[in-house]
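Structural overview for review
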Amino acid sequence: MSHDPNCLFCKIIAGQIPSRKVYEDSELLAFHDIHPWAPVHVLIIPKLHIASMVELTDEHAALLGKMSVLAPKLMRELGVTNGFRTVINTGPDGGQEVYHLHMHAMGGPRPWLKG
Ligand code: AMP
Ligand code: ZN
């Protein structure tokens, strides 16, 4: 399924739920996390509905590569100059809350709320 009508992030992609977008192209969307842990905290998501890393196959390799390459670009554009953290939570024990694959990218001066 490329789009899940019950998925929060698919609704954000469709514009049915508002978000503070920082980047969009045909394959990816990035927006500010609603509960930031750090001064800058964005989520990078594929527009394709992939529930979690458990669902990944070889055909997704380029897409994951694009997410990884986008993270430093966005951090730089958002003024992060002293390093950042990227996190992908997977499944219940991984602490995943939203089941649409997403990469957290967090930066800015410490202390942070978490992490
Ligand atoms: P995870 O625990 O890795 O699944 O992270 C889900 C993230 O989505 C959390 O950091 C939430 O704060 C964030 N989040 C949930 N709802 C929204 C929303 N409507 N807009 C932006 N971020 C959200
Ligand atoms: Zn989705």
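The residue numbering used here restarts from 1 in each chain and proceeds along that chain's sequence as written. Each chain is given a letter, starting from A, and each ligand a number, starting from 1, according to the order in which they appear as written. Two thresholds apply to this predicted model, a pLDDT of at least 70 for residue-level local features and 80 or more for giving and counting side-chain atom pairs, whereas whole-chain, interface and lining totals are computed over all residues. Hydrogens and water are ignored here; the side-chain numbers use all heavy atoms of the structure.

1. Digging into the overall build of the protein
What counts is decided by this rule: Put simply, DSSP H or I for four residues or longer makes a helix, DSSP E for two residues or longer makes a strand, and each gets a number counted from the N terminus. Restricting the calculation to C-alpha atoms gives the radius of gyration, and the globule rule supplies 2.2 Å times the number of residues raised to the power 0.38. Working definition of accessibility: Shrake-Rupley area with a 1.4 Å probe, residue cover restricted to the visible protein chains.
In terms of regular secondary structure, the protein is built from 2 helices and 5 strands. Counting from the amino terminus, helix and strand elements in the protein follow one another as α-β-β-β-α-β-β. At 14 Å, the protein has a C-alpha radius of gyration in line with the 13 Å of a compact globule built from 115 residues. Here the protein has roughly 6,700 Å² of accessible surface; of this, 55% comes from carbon and sulfur atoms.

2. A closer look at the coordination of the zinc ion (ligand 2)
The line we're drawing: A donor here means an N, O or S atom no more than 2.8 Å from the metal, or no more than 3.2 Å when the metal is Na, K or Ca. Since water is not included, a site may seem to lack partners. Between 85 and 135 degrees for all angles marks four donors as tetrahedral; over 155 degrees for opposite donors together with 65 to 115 for all other angles marks four donors as square planar and six as octahedral; every other arrangement is irregular. Relative accessibility thresholds used throughout: buried, under 20% of the residue-type maximum; exposed, over 50%; partly exposed, between the two (1.4 Å probe, protein chains only).
Binding of the zinc ion (ligand 2) to the protein goes through Cys 7 (SG), Cys 10 (SG), His 49 (ND1) and His 100 (ND1), at separations of 2.0 to 2.3 Å. Taken together, the 4 donor atoms coordinating the zinc ion (ligand 2) span angles of 105 to 116 degrees at the metal, a pattern that classifies the geometry as tetrahedral. Read N to C, the donor residues that coordinate the zinc ion (ligand 2) are spaced as C-x2-C-x38-H-x50-H. Of this pair, Cys 10 sits in helix 1 (residues 8–13) while His 49 is found in the loop between strand 3 (40–46) and helix 2 (61–77), placing the two residues 39 residues apart along the sequence. The exposure classification of Cys 10 matches that of His 49, with both residues buried.

3. Considering the pattern of salt bridges
Spelled out, the test is: What makes a salt bridge here is a side-chain nitrogen of Lys or Arg within 4 Å of a carboxyl oxygen of Asp or Glu, nothing more.
This structure, assessed with the given rule, holds 4 salt bridges. With its nearest N and O atoms 2.6 Å apart, the salt bridge here joins Lys 66 to Glu 27. Of the two residues, Lys 66 sits in helix 2 while Glu 27 sits in the loop between strand 1 (21–24) and strand 2 (28–32), which places them 39 residues apart along the sequence. Put simply, Glu 77 and Lys 73 hold a salt bridge, and the shortest N to O gap is 3.7 Å. In this pair, Glu 77 and Lys 73 are both assigned in helix 2, 4 residues apart and thus about one turn of the helix distant. A relative accessible area of 35% means that Lys 73 is categorised as partly exposed.

4. Remarks on the nonpolar core
The criterion, for reference: The nonpolar core is taken to be a set of buried Ala, Val, Leu, Ile, Met, Phe, Trp, Tyr and Cys residues, with the residues joined through side-chain atoms within 4.5 Å. Whether two residues are in contact is decided by their heavy atoms, any of which lying within 4.5 Å being enough.
Core analysis: the largest hydrophobic core is formed by 17 residues, its most contacted members being Ile 44, Met 67 and Met 75. Among the elements of the structure, strand 2, strand 3, helix 2 and strand 5 (103–107) are those that each provide at least two residues to this core. Of all the elements, helix 2 adds the most residues to this core, at 7 residues. Not counting residues within four places of it along the chain, the set of residues in contact with Ile 44 comprises Leu 29, Ala 30, Met 67, Leu 70, Ala 71, Leu 74, Leu 101, His 102 and Met 103. By size, the runner-up hydrophobic cluster in this structure holds 10 residues, among which are Cys 10, Ile 13, Phe 31 and Ile 45.

5. What about helix 2?
What counts is decided by this rule: The span you would expect from a helix comes to 1.5 Å times its residue count less one.
The end-to-end C-alpha distance of helix 2, which contains 17 residues, comes to 25 Å, matching closely the 24 Å that a straight helix rising 1.5 Å per residue would cover. Among the residues of helix 2, those classed as buried are Leu 63, Leu 64, Met 67, Leu 70, Ala 71, Leu 74 and Met 75. Next to the buried residues of helix 2 lie strand 1, strand 2, strand 3, strand 4 (84–87) and strand 5.

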